[in-house]
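Given next are the chains, with one letter for each unit.
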Amino acid sequence: MNRSLAILLGALALGAAIFVGSYFVSQRATEICCANPADDLSWLRTEFHLDDAEMAHIRELHEGYLPKCAEMCAKIAAKKGELEAALGSGTNINPEAQVKLNELAALRAQCQAQMLQHFATVSQAMPPEQGRRYLAEMQKLTLGTHEQLEQSMSGDTGHEHHH
Amino acid sequence: MKKENFNSADAKLGALLRESRSFPALPPRFQQNVWRRIEDAEAAALPASWLDVLASLILRPHFAGAAVAALMLIGVFAGMQEGRQMARHEAQMNYLAAVAPHSLR
């Protein structure tokens, strides 16, 4: 009885070790093999089944968009610095800080509009069905976080936010 | 005297008969099979619990080999699926980081 139990437990441990070992080795190998961290656009090619011509066009659009995006990011970062300076060490939001806050929000909205416009342009460079899927996916990924945050603050979760 | 002659003639005859008889060759693994049958018969005679049955099944080379192969295959397949998902997610995040500033997400 004891010998049989020991054999069974040993076999279970060995089986688990074999399964876990082969799982992690193949997972890591696949991850290393499939990942292409050098190319930011590798996801587009595999996910939306794009050919070389479509990829070349999208790469062109992407490279045209990046400087605009960087410029907008620099403006936002500068405005954030101005806002922090305006806020200072006080405990109240002074009128100057309020102005900076509005300007920061406007810059963010402008950046977001530019980003969504880029997604729309890229989606048009794809086959129609893939383009629709890309646009929906990108909107979900970029706007979804805000929606989740807003939903969590609204009555959906049973927590009312009164102003 | 006559009886002694008959006995020695029988012995000679017996020896001649033994020499002339050809024994067929034994089948391969004859001895192992005999022992296995003896062991199986002894094992069948003992009342075994389900645990003993399971343990004896696990110890059979064919079963153990098949189980190891199956576990490895399932592990490799599941790992590949997970690895593909992780690589896909990583690539998606790379793209997103390039096109969408973190402050807008």
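A brief structural summary. This structure is a prediction, so every number in the text was calculated from the model and none was measured. Throughout, a residue's number is its position along its own chain's written sequence, starting from 1. Chain A is the first chain written and ligand 1 is the first ligand written, with later ones labelled in order. Restriction of local features to residues with pLDDT of at least 70 applies here, the model being predicted, together with a cutoff of 80 or more for giving and counting side-chain atom pairs; totals for whole chains, interfaces and linings are based on all residues. Side-chain figures throughout are based on the complete set of non-hydrogen atoms in the structure, without hydrogens or water.

## Some remarks on the overall build of chain B
In terms of helices and strands, chain B carries four helices and zero strands. Moving toward the C terminus, one meets the helices and strands of chain B in the order α-α-α-α. Type-normalised accessible area, obtained with a 1.4 Å probe on protein chains alone, sets the label of each residue: buried when under 20%, exposed when over 50%, and partly exposed for intermediate values. Across the 105 residues that make up chain B, the buried fraction comes to 15%. By the criteria applied, helices consist of DSSP H or I runs no shorter than four residues and strands consist of E runs no shorter than two, each listed in order from the N terminus.

## Section: helix α3 (residues 50–58) of chain B
The set of residues buried in α3 of chain B consists of Leu51, Ala55 and Ile58 of chain B. Looking down the long axis of α3 of chain B, one finds its buried residues gathered within 60° of arc, a one-sided arrangement. For α3 of chain B, the secondary structure elements touched by its buried residues are α1 (2–34) of chain A together with α4 (61–99) of chain B. Working definition: the arc comes from the directions between the helix axis and the C-beta atoms, pointing outward to the latter. Residues are treated as being in contact if the distance between any of their heavy atoms lies within 4.5 Å.

## Points about the interface of chain B and chain A
Listed by partner, the interface residues are 34 residues for chain B and 45 residues for chain A. Here the quantity called buried area is the accessible surface, traced with a 1.4 Å probe, that two parts lose on coming together, added over both. At the boundary of chain B with chain A, total buried surface from both sides reaches about 3400 Å², with 72% on carbon and sulfur atoms. For salt bridges, the criterion is a side-chain nitrogen of Lys or Arg within 4 Å of an Asp or Glu carboxyl oxygen. Between the two partners, chain B and chain A, sit one salt bridge. Arg88 of chain B is the salt-bridge partner of Glu47 of chain A, the closest N and O atoms lying 2.7 Å from each other. We define a polar contact as two N or O atoms separated by no more than 3.5 Å, with the added condition that, inside protein, one atom must be a possible hydrogen donor and the other a possible acceptor, whereas residues neighbouring each other in sequence contribute only through side-chain atom pairs. Applying the counting criterion to the chain B and chain A interface returns seven residue pairs in polar contact (both at pLDDT 80 or more). At the level of secondary structure, the elements contributing two or more residues to the side of chain B that touches chain A comprise α3 and α4 of chain B. Among the elements that make up the side of chain B that touches chain A, the one with the highest residue count is α4 of chain B (23 residues). Nonpolar residues are Ala, Val, Leu, Ile, Met, Phe, Trp, Tyr, Cys and Pro. Charged residues are Asp, Glu, Lys and Arg, and all others, Gly as well, are polar. The residue inventory of the side of chain B that touches chain A, partitioned by class, reads 22 nonpolar, six polar and six charged.

## A short note on the packing of aromatic side chains
Stacked, edge-to-face and tilted are the three classes for Phe, Tyr and Trp ring pairs, Trp counted by its six-membered ring, which pair at centre distances within 6.5 Å; planes under 30 degrees apart are stacked, over 60 edge-to-face, the rest tilted. In this structure the tally under the stated criterion is seven aromatic pairs over all chains. Ring-pair connections join several aromatic residues into one group, and the members of that group are Trp43, Phe48, Phe119 and Tyr134 of chain A together with Tyr95 of chain B.

## Some points on the side chain of Gln92 of chain B
Among the structural elements, Gln92 of chain B can be located in helix α4. Only 2.8 Å separates the side chain of Gln92 of chain B from the side chain of Glu137 of chain A, close enough to count as a polar contact. The residues contacting Gln92 of chain B, other than those within four sequence positions of it, are Trp43, Glu137 and Leu141 of chain A.

## A look at the side chain of Ser123 of chain A
As for its placement among the helices and strands, Ser123 of chain A is situated in helix α4 (residues 95–124). Not counting the four nearest positions on each side in its chain, Ser123 of chain A is found in contact with Gly131, Tyr134 and Leu135 of chain A.

## Side note on the layout of surface pockets
Empty space among the atoms becomes apparent when a probe as large as a water molecule is rolled across them. Cavities and pockets are found on a 1 Å grid laid over the protein atoms alone: a cavity is a set of points where a 1.4 Å probe fits but cannot escape, a pocket is an open set with protein on both sides within 12 Å along at least five of seven lines, and a lining residue has an atom within 4 Å of such a point. Grid points are joined across faces, edges and corners, and a volume is the space filled by probe spheres set on the points. Approximately 250 Å³ is the volume attributed to the second largest pocket. In terms of lining residues, the second largest pocket is bounded by Leu8, Ala11, Leu12, Leu14, Gly15 and Ile18 of chain A together with Ile58, Phe63, Ala64, Ala67, Val68 and Leu71 of chain B. Among the secondary structure elements, those contributing two or more residues to the lining of the second largest pocket are α1 of chain A together with α4 of chain B. The leading source of residues in the lining of the second largest pocket is α1 of chain A, at six residues. Taken together, the residues of the lining of the second largest pocket break down into eleven nonpolar, one polar and no charged.

## A short note on the pattern of salt bridges
Residue and element names in this part refer to chain A. Scanning the entire structure with this criterion turns up twelve salt bridges over all chains. Among the ionic pairs, Asp39 bridges to Arg59, the shortest N-O distance being 3.1 Å. Remark: Arg59 occurs in helix α3 (residues 52–87) and Asp39 occurs in the loop between α1 and α2 (42–47); sequence separation between them is 20 residues.

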